[in-house]
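Here are the chains, one letter per residue:
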Amino acid sequence: MSEENIYTFENETYRKTYWHTCSHILAQAMKRLHPEVKLAIGPSIDNGFYYDFDTPEPFSETQLAELEAEMRKICKEKLKLERFELPRDEAVKFMEEKGEPYKVELINDLPEDAVISFYKQGDFTDLCAGPHVDSTGRIKGNAIKLTACNAAYWRGDSSRQTLQRIYGVAFPKKDELDEYLQRIEEAKKRDHRKLGRELGLFMLRDEGPGFPFFLPKGMVLKNTLLDYWREVHKKYGYVEISTPIMLNRQLWERSGHWDHYKNNMYTTVIDEVDFAVKPMNCPGGMLVYASEPHSYRDLPLRVGEIGLVHRHELSGALHGLFRVRCFNQDDAHVFMTREQMQDVIQETVRLFDEVYSTFGLSYTIELSTMPEDHIGTVEEWERNQDILKAAITDMGKDFVINEGDGAFYGPKLDFHLADSLGRTWQCGTIQLDSQLPERFELEYVGEDGQKHRPVMIHRVVLGSIERFIGVITEHFAGAFPAWLSPVQVKILTVTDRANGYAGEIAAALDARGFRPETDLRNEKIGKKIREATLEKIPYMLVVGDRDIENQTVSVRTRGGEDLGAMSLEAFAALLEEEVRTRTIK
RNA sequence: GCUGAUGUGGCUCAAUGGCAGAGCAUCUCACUCGUAAUGAGAAGGUUGUGGGUUCGAUUCCCACCAUCAGCUCCA
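Definitions and limits used
- Position numbers for residues count from 1 along each chain, tracking the sequence in the order it is written.
- A letter from A marks each chain and a number from 1 marks each ligand, given out in the order of writing.
- Per-residue local features are limited, in this predicted model, to residues with pLDDT of at least 70; the limit for side-chain atom pairs, both in listing and counting, is 80 or more; totals at the level of whole chains, interfaces and linings are taken over all residues.
- No hydrogens and no water enter the side-chain calculation; it runs on all heavy atoms of the structure.
- Numbered from the N terminus, helices here are DSSP runs of H or I no shorter than four residues, and strands are runs of E no shorter than two.
- For every residue, the accessible area (1.4 Å probe, protein chains only) is compared with the maximum for its type, and the residue is labelled buried under 20%, exposed over 50%, or partly exposed between those bounds.
- Methods summary: accessible areas were calculated by the Shrake-Rupley approach with a probe of 1.4 Å, and residue burial reflects only the protein chains presented.
- Positive: Lys, Arg. Negative: Asp, Glu. His and the chain ends are not part of the count.
- By convention, charge coordinates are those of NZ in Lys, CZ in Arg, CG in Asp, or CD in Glu.
- Where a domain begins and ends is set by an automatic assignment or by a domain database.
- A cavity here means a set of points on a 1 Å grid, drawn over the protein atoms and nothing else, where a 1.4 Å probe fits but cannot get out; a pocket is an open set with protein on both sides within 12 Å along at least five of seven lines, and a residue lines either one if it has an atom within 4 Å of a point.
- Grid points are joined across faces, edges and corners, and a volume is the space filled by probe spheres set on the points.
- Any residue that is not Ala, Val, Leu, Ile, Met, Phe, Trp, Tyr, Cys, Pro, Asp, Glu, Lys or Arg is counted as polar, Gly included; the first ten are nonpolar and the last four charged.
- The pairing criterion is simple: DSSP has to find at least two bridges between the two strands.
- Lines are fitted to the C-alpha atoms to define the axes, a helix being fitted only along its stretch in contact, and any angle between axes, read from their N-to-C directions, falls within 0 to 180 degrees.
- We call two residues in contact whenever any of their non-hydrogen atoms come within 4.5 Å of each other.
- Working definition: the arc comes from the directions between the helix axis and the C-beta atoms, pointing outward to the latter.
- Per-residue confidence from the predictor is reported as pLDDT, which spans 0 to 100.
- Any pair of Phe, Tyr and Trp rings, taking the six-membered ring for Trp, is counted once the centres come within 6.5 Å. Such a pair is stacked with planes under 30 degrees apart, edge-to-face with planes over 60 apart, and tilted for the rest.
- Cation placement over rings: the criterion is NZ of Lys or CZ of Arg within 6 Å of the ring centroid and within 35° of the ring normal.

Undergrad: Looking at this structure, how should I read the overall build of chain A?
TA: Secondary structure assignment for chain A yields 19 helices and 28 strands. Each of the three principal axes of chain A carries a C-alpha extent, and together these read 85 × 75 × 55 Å. Taken over 585 residues, chain A has a buried fraction of 50%. For chain A, the exposed surface amounts to about 28100 Å²; the carbon and sulfur share of it is 48%. Of the side-chain charges in chain A, 74 are positive and 96 negative, and the distance between the mean point of each set is 5 Å.

Dropping the structure here:
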C-alpha cells in the first residue's frame, strides 16, 4: 500500500491522529505568540480538535486569526515530531521547569505503571500519549480553521477553574474545509428553532424561559404524533393512564426523588403541606399499580402515560425544544416477573425500532451503569446491568457503555438521535428498576398462591414529545411526511372565479379526514406556489377555469414536481395511500 | 450555574451621543392572471427591563432578564 493510501482521511484512526497533531501545532503557535499562557490539554474530538489554555482573557477573533497564521507557518516548517519517554520524577521536573502546572497535575495523576511520553516538534514539547503524524509538514496549513473560543472547566469539573478552549477543524485539502464549513451553514438552516417560527409550530417567550408554547400547526403535529403513539402502543398491549401533575412530599420521599432531586423540582405548599410538581411519572404509576391486587396472569402489565413533567434545568442548559423545563414524556411502566425481564426488554427494543424506522431515524445505544448516588445493592445493579446487556447483545445491537450514568434506581439503555449539526440527544430510554417496586411494596400473586415482588422497566420511546418534535423537524428540514404535516394540501386559485370550486375541494378533502387549506388571495399563482412551497406543504392543488370545466385539480408537489391534472378522486387516493403507509418523501 | 457574545416594528437586518430606516409580513386600492415573488399607497417603534453619565442616550457605564456558542448538568 502506498503512503498516500495509509494517510487517508477515510481512516478514522488517521483522521484522529491528524487532528491530534493539529492541536499540538495550535499549542505551539500559542506558546510562540503568548509565552505566558499555560497549557492544559488538547485532544482530537469527533469533528476536529481543541486545546484548553489558562489565560485570563478569552481570545478575540483577531487573535484566533493570528494563531491560525502561526499554525500555517509551523506546517510549512515541516518540524519532525519526535517521541521520548521520561520516568515520573523527571517528567514532573521537566514540566515544572517549563512552568506548566496543569501538565504536572496530569503527570501526577497518571497510574503508577503508566508510560510517560512526550512529543517534541522543533522548540515545542508537550506531554502526550500520542500517536502523531511524523511531521508538521503532513498538515495542510491552509485547510486549518479555528472555529471558536469558549470556556471549559479544567478536567470537566465545575468547581475548578475556567479555561479557554479553542476549537478547530482541519482537512487534507482546502476544498474539503470549505465544503465542511458550507455544510455547517446548511445545517443551521434546518435548526428547529428557526423552522419552528417560520412554520408556526411553537414559540418561546421571555415570560416563560424553557416553557414552550405550541401554536395551532405545532399542535396538529403533536396530536398526530400522539395518535400514532397510541396506535403502536395499543398493538403492543399497552393500556393508558394519567396521573396528577402534583403530589405530596411524602410520596416523593418514598420514591427517593425528594432526597436525590429536590433541587430540580418545583415545589409549593398547599394547606401547609409540601407538594412537588412531578419531574417524572413513576411514583404516580406505582400508586396505580398498588391500588389493586395483581395476578401473575396479568404480567407483564404495560401501563403507558403521556405525562406532563417539570424539571428546573439550569438556565444555561436551555435549548429550543431540545432542552426545556416542562415537557410531555411518552412514559410507560412495565411490571413483570424476573423471568420475563429479557423478553420485555427485547419487545421494547422492537417497539423502538418500529417507531424510529417510521421516521427514518437511526440511533446509537448507550448502556449507563451504576452512579455513585444510587439506591439498591451492588449485586442487584450488576445483575440488572447484565440482563440489559444480554438482551441487546442477543438482538445483535451495538452499544457503548456510559460508566456511572444510570438513574439512581437502576441501569438504563439510552437511545440517542442526532440533530442537524450531528449533536446527539437522548430520546428513548429503557430503565430497569427493582428498587421502586420494593419501596412501594408492589406485589403480585404467583402461581403458587404466594405474594411476590414484581420488577419493572421505565421506558420512553419519543422521550420528550417536545424534544422529539425538535429532532424530526431538523431531520425532515421542516418538510414532514404527508401523514404528519400540519397542512397536507393547499388549494391555490388562479383567479377568484375558482374560489367556490376551491372551497368545495377543501370541504371534500376535509370530509375524508385530510388537512387542507385554501389560498384564495388575489395574488398571482406563482406567488401562491412560492409561499406554499416555503411552508413545505406536501401537495398544492392549482385550480382555475380549466379545472372547473374538466372537474380536475392540477397537482404540484413541494419538491416542484408537476403531477398534472387529475380528478379529486385520483388525488385523494394517492394521498390516502401515502398517509396510510406513512411514506417518507 | 460558569465564560464570552448578542438584544432595534410580527420576521430578517441597517443606522447614529442630536428628528430611528429598509425589505418581507399586515391593511387599502388597482390588476383576474395557469406552476417559486404584479404595481401603488397606508399603518406599524418609549431601540429587552431598571438605574447612571450627559444639555441630550437607542448609542457610553452598571445591574437584571432573555437568547446564542461552549462548559457543567440532564432522575
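Now, onward.
Undergrad: For this particular structure, what's the right way to read the domain arrangement of chain A?
TA: A common way to express how large an interface is: the accessible area buried when the components associate. Looking at chain A, the domain boundaries give domain 1 (3-185), domain 2 (216-471) and domain 3 (489-580). Averaged C-alpha coordinates put domain 1 and domain 2 at centres separated by 41 Å.

Undergrad: Honestly, the layout of surface pockets in this entry has me stumped. Any pointers?
TA: Here the idea is plain: a probe the size of a water molecule rolls over the atoms and shows the empty space left. Taken as a whole, the largest pocket encloses approximately 1100 Å³ of empty space. Taken together, 38 residues make up the lining of the largest pocket; nearest its centre are R311, E313, K412, Q426 and Q431. Looking at the lining of the largest pocket, the elements that each hand over two or more residues are α10 (257-261), β16 (326-336), β20 (424-433) and β23 (455-464). Among the residues making up the lining of the largest pocket, the classes are represented as 15 nonpolar, 14 polar and nine charged. Within this model, the second largest pocket holds a volume of roughly 440 Å³. Every residue lining the second largest pocket is counted, 15 residues in all, and those nearest its centre are T147, A148, Y167, Y180 and I184. Looking at the lining of the second largest pocket, the elements with two or more residues in it are β3 (48-54), β7 (144-153), β8 (162-170) and α6 (174-189).

Undergrad: Mind showing me how you'd approach the sheet that holds strand β27 (residues 553-557) here?
TA: Strands belonging to one sheet form pairs held by backbone hydrogen bonds; the direction of such a pair is parallel or antiparallel. Reading across the sheet, the five strands line up as β25-β24-β26-β27-β28 and stay open at both edges, with mixed pairing between neighbours. Of all strands in the sheet, those bounded by a partner on one side alone are β25 (516-519) and β28 (562-566). Each adjacent strand pair in this sheet contributes to an overall mean axis angle of 25°, direction not counted. Here strand β26 (residues 539-543) pairs with β27 via four bridges, running antiparallel. Counted as the bridge partner of L541 is V555 from β27. Packing against the sheet, helix α16 (residues 499-511) makes contact with β24 (489-493), β25, β26 and β27, and its axis sits at approximately 170° to β24. With respect to the sheet, helix α17 (residues 525-534) is in contact with β24, β25, β26 and β27, its orientation differing from that of β24 by roughly 165°.

Undergrad: Sorry if this is basic, but what is going on with α17 here?
TA: Working note: α-helix, 3.6 residues per turn, so residues spaced by three or four point in the same direction. When we look at burial in α17, the residues that qualify are K528, I529 and A532. The arc that holds the buried residues of α17, viewed along the axis, is 100°, so those residues lie on one side. Facing away from the buried side of α17 by more than 90 degrees, the exposed set consists of R530 and L534. Contacts made by the buried residues of α17 are with β24, β25, β26 and β27. Looking one or two residues beyond α17, the residue adopting positive phi is K536, at roughly 60°.

Undergrad: Please explain the confidence of the model for chain A as it appears in this structure.
TA: Regions with low pLDDT should not have their predicted coordinates read in detail. Chain-level statistics for chain A give a pLDDT mean of 91 and a share of 98% at 70 or above. This prediction of the complex comes with two scores: 0.90 for pTM and 0.92 for ipTM.

Undergrad: What is the right way to look at the packing of aromatic side chains in this model?
TA: To describe a pair of aromatic rings, you give the distance between the ring centres and the angle between the ring planes. Evaluated as defined, the whole model comprises 24 aromatic pairs. Seen in terms of ring centroids, F94 and F118 are 5.3 Å apart; in terms of plane orientation they differ by 85°. Their pairing is edge-to-face. Of this pair, F94 sits in helix α4 (residues 88-97) while F118 sits in strand β5 (residues 117-121), and the two are 24 residues apart along the sequence. Assessed through its relative accessible area of 0%, F118 is described here as buried. A centroid spacing of 6.2 Å and a plane angle of 65° characterise the contact between F476 and F480, whose relative ring orientation is edge-to-face. Exposure remark for F476: the relative accessible area of 10% places this residue in the buried category. Taken together, the ring pairs connect Y228, F359, F468 and W483 into an aromatic cluster. Directly above the ring of Y50 sits R165, whose terminal nitrogen or CZ lies 3.8 Å from the centroid. The lysine or arginine in question, R582, covers the ring of W483, its NZ or CZ lying 4.9 Å from the ring centre.

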